[in-house]
Amino acid sequence: MNTKVTIAGVELKNPVMTASGTFGSGEEYSEFVDLSRLGAVVTKGVANVPWPGNPTPRITEVYGGMLNAIGLQNPGIDVFAKRDIPFLKKYDTKIVVNVCGKTTEDYLEVVERLADEPVDLLEINISCPNVKEGGIAFGQDPKAVEAITKAVKAKAKQPVIMKLSPNVTDITVMAKAAEAGGADALSLINTLTGMKIDINRRTFALANKTGGMSGPAVKPVAVRMVYQTAQAVKIPIIGMGGIATAEDALEFIMAGATAVSVGTANFFNPYATVQIAEGIENFMKQHGVEDIHELIGCVK
């Protein structure tokens, strides 16, 4: 039975990855999960310099998921390269580094630093606010999506995955812009913008007022966007958004995703990733599926 998938020439032993920002850089979950059993570990976002993140409170539970406004807190590329990459190299899994920035130059600095590091793929988080453009996210303007994709591709030594924001009118416009810019793959969806009011304190539950909503409640939106994107582009898609079970993952795969990322589920079930990988195998056995590719995009 074949569970291997290939994204931009990089072979994963199975289609299960972690979603950026929910798994640290792997070490935090290594007591629960044998990282070698995952297709890939996707790290928390890494910037050119350390970011302190947003003021607290910055996480709140909502019905069917959570809101976060962490603000991409991270130790910066220097600490990451010295500490986290060597740790991940101990495991037989692919390493995907999520890259964030406030300007195009920020992204390029990290991409250039990673050129000589033993990492397999880069995932570019274009839901970051572009400070030079008055704070609108890179991923909300198709011209900006194409431009940053082109700029990153010109410097990157590893294949480039562009991570798309769902906070747009038409996801396929952004997907096509990334493809036109030379993206090797796409990942979607990032979080949906949401808000929660604390009625007893009569104020916002998050210091940032708004946050990114993730968890089971966003899954139907994410599956729809993955399906639409799969119809619109020719490059591979990594699907994510509310995946908590193998059944959830299989919905994304059948909608057209080559691989899937598990995010919020890690918080309430630290074993989720391995259980999902095993569940996909069990489904294939039960239904006589010899090759995972029989399932990828099987729903037209």
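Right, let's walk through the structure included here. Because the structure is a prediction, the values reported are computed rather than measured. (Residues numbered from 1 in each chain as written. Predicted model: local features only at pLDDT ≥ 70, side-chain atom pairs only at ≥ 80, totals over all residues. Heavy atoms only, no water.)

Digging into the sheet that holds strand β5 (residues 59–62)
So, step 1. Strand order in the open sheet made by the 4 strands is β5-β6-β14-β11, with antiparallel pairing throughout. A strand with exactly one partner marks an edge of an open sheet, and here the two such strands are β5 and β11 (192–195). Here the strands of the sheet are splayed against their neighbours by 40 degrees on average, with no regard to which way each runs.
So, step 2. The pairing of β5 with strand β6 (residues 65–68) spans 4 bridges and is classified as antiparallel. Across the sheet, residue T60 finds its bridge partner in β6, namely L67. (Pairing = 2+ DSSP bridges. Helix = DSSP H or I, 4+ residues; strand = E, 2+ residues; numbered from the N terminus. Axes fitted to C-alpha atoms, helices over the stretch in contact; angles between N-to-C directions.)

Quick look at the packing of aromatic side chains
So, step 1. A full pass over the atoms with the stated rule returns 5 aromatic pairs.
So, step 2. Where Y29 meets F32, the ring centres are 6.4 Å apart and the plane angle is 55 degrees; that geometry is what we call tilted.
So, step 3. With relative accessibility at 11%, the residue Y29 sits in the buried group.
So, step 4. The structure contains a cluster of three or more aromatic residues connected by ring pairs, namely F23, Y29, F32 and Y271.
So, step 5. Here the basic side chain of K102 rests over the ring of W51, its NZ or CZ set 4.4 Å away from the ring centre. (Phe/Tyr/Trp six-rings, centres within 6.5 Å; stacked < 30°, edge-to-face > 60°. Buried < 20%, exposed > 50% of the residue type's maximum accessible area, 1.4 Å probe, protein only. Lys NZ or Arg CZ within 6 Å of the ring centre and 35° of its normal.)

Remarks on the nonpolar core
So, step 1. One finds V97, L114, I124, M162, L186, L188 and I280 to be the most contacted residues of the largest nonpolar core, which totals 90 residues.
So, step 2. With residues up to four places along the chain from it excluded, the contact list for I280 reads P15, V16, A246, A249, L250, I253 and I292. (Core = buried A, V, L, I, M, F, W, Y, C linked by side-chain atoms within 4.5 Å. Contact = heavy atoms within 4.5 Å.)

What about the pattern of salt bridges?
So, step 1. Going through the model one piece at a time under the given rule, you end up with 11 salt bridges.
So, step 2. Here D92 ties to K13 by a salt bridge, and the two come within 3.1 Å at their closest N and O atoms. Taken together, the residues span a long stretch of sequence, with D92 in the loop between α1 (77–88) and β7 (94–99) and K13 in the loop between β2 (10–12) and β3 (16–18) at a distance of 79 residues.
So, step 3. For D92, a relative accessible area of 53% translates into the label exposed.
So, step 4. Three or more residues joined by partner-sharing salt bridges are found here, namely K219, D248 and E251. (Salt bridge = Lys/Arg side-chain N within 4 Å of Asp/Glu carboxyl O.)

A word on the layout of surface pockets
So, step 1. Put simply, the second largest pocket is a space of about 160 Å³.
So, step 2. As for the second largest pocket, its lining consists of 14 residues, and the residues nearest its centre are A230, V233, I235, I237 and G256.
So, step 3. When its residues are assigned to classes, the lining of the second largest pocket shows 8 nonpolar, 4 polar and 2 charged. (1 Å grid on protein atoms, 1.4 Å probe; cavity = no way out; pocket = protein on both sides within 12 Å on 5 of 7 lines; lining within 4 Å. Points joined across faces, edges and corners; volume = space filled by probe spheres on them. Nonpolar A, V, L, I, M, F, W, Y, C, P; charged D, E, K, R; others polar.)

A few points about the pairing of strand β8 (residues 121–125)
So, step 1. Within β8, 5 of the 5 residues are buried, which leaves the element mostly enclosed by the surrounding structure.
So, step 2. Side chains of β8 alternate between two faces, with L121, E123 and N125 and L122 and I124 buried alike.
So, step 3. In this sheet, β8 lies alongside β7 in parallel orientation, the contact comprising 4 bridges. Of the residues in β8, the one forming a bridge with N98 is E123.
So, step 4. In this region the chain leaves β7, passes through helix α2 (residues 104–114) and returns to the parallel neighbour β8; the handedness of that crossover is right-handed.
So, step 5. Across 4 bridges, the pairing between β8 and strand β9 (residues 160–163) is parallel. In the sheet register, E123 faces β9, and the bridge partner there is I161.
So, step 6. At this point the chain moves from β8, through helix α3 (residues 142–155), to the parallel β9, and the crossover so formed is right-handed. (Right-handed = clockwise from strand over helix to strand, strands pointing away.)

Structural notes on α2
So, step 1. Taken together, the buried positions of α2 are D106, Y107, L108, V110, V111 and L114.
So, step 2. Those residues of α2 that are buried are in contact with α1, β7, β8 and α3.

Digging into unusual backbone geometry
Trans peptide bonds make up the majority, and among non-glycine residues the majority have a negative phi.
So, step 1. Geometrically, the link from T56 to P57 is a cis peptide bond, its omega value of 0 degrees lying close to zero.
So, step 2. In this structure, P57 sits in the loop between β4 (40–42) and β5.
So, step 3. The peptide bond linking L188 to I189 adopts the cis configuration, its omega dihedral lying at 15 degrees.
So, step 4. Assignment of secondary structure puts I189 in the loop between β10 (185–188) and β11.

Considering the packing of α2 against α3
So, step 1. Across the interface, α2 lies against α3 with an axial gap of 9 Å and an inter-helix angle of 25 degrees. Taken as axis vectors, α2 and α3 run roughly parallel relative to one another. The crossing of α2 and α3 is right-handed. Mapping the contact onto sequence places T104, Y107, L108, V111 and E112 in α2 and I148, A151, V152 and K155 in α3.
So, step 2. Among the residues making up the contact of α2 with α3, the classes are represented as 6 nonpolar, 1 polar and 2 charged. (Parallel < 35°, antiparallel > 145°, perpendicular 65-115°, else oblique. Left-handed = near helix turned anticlockwise from the far one by under 90°.)

Spatial relationships are all this shows, so hold off on functional conclusions.
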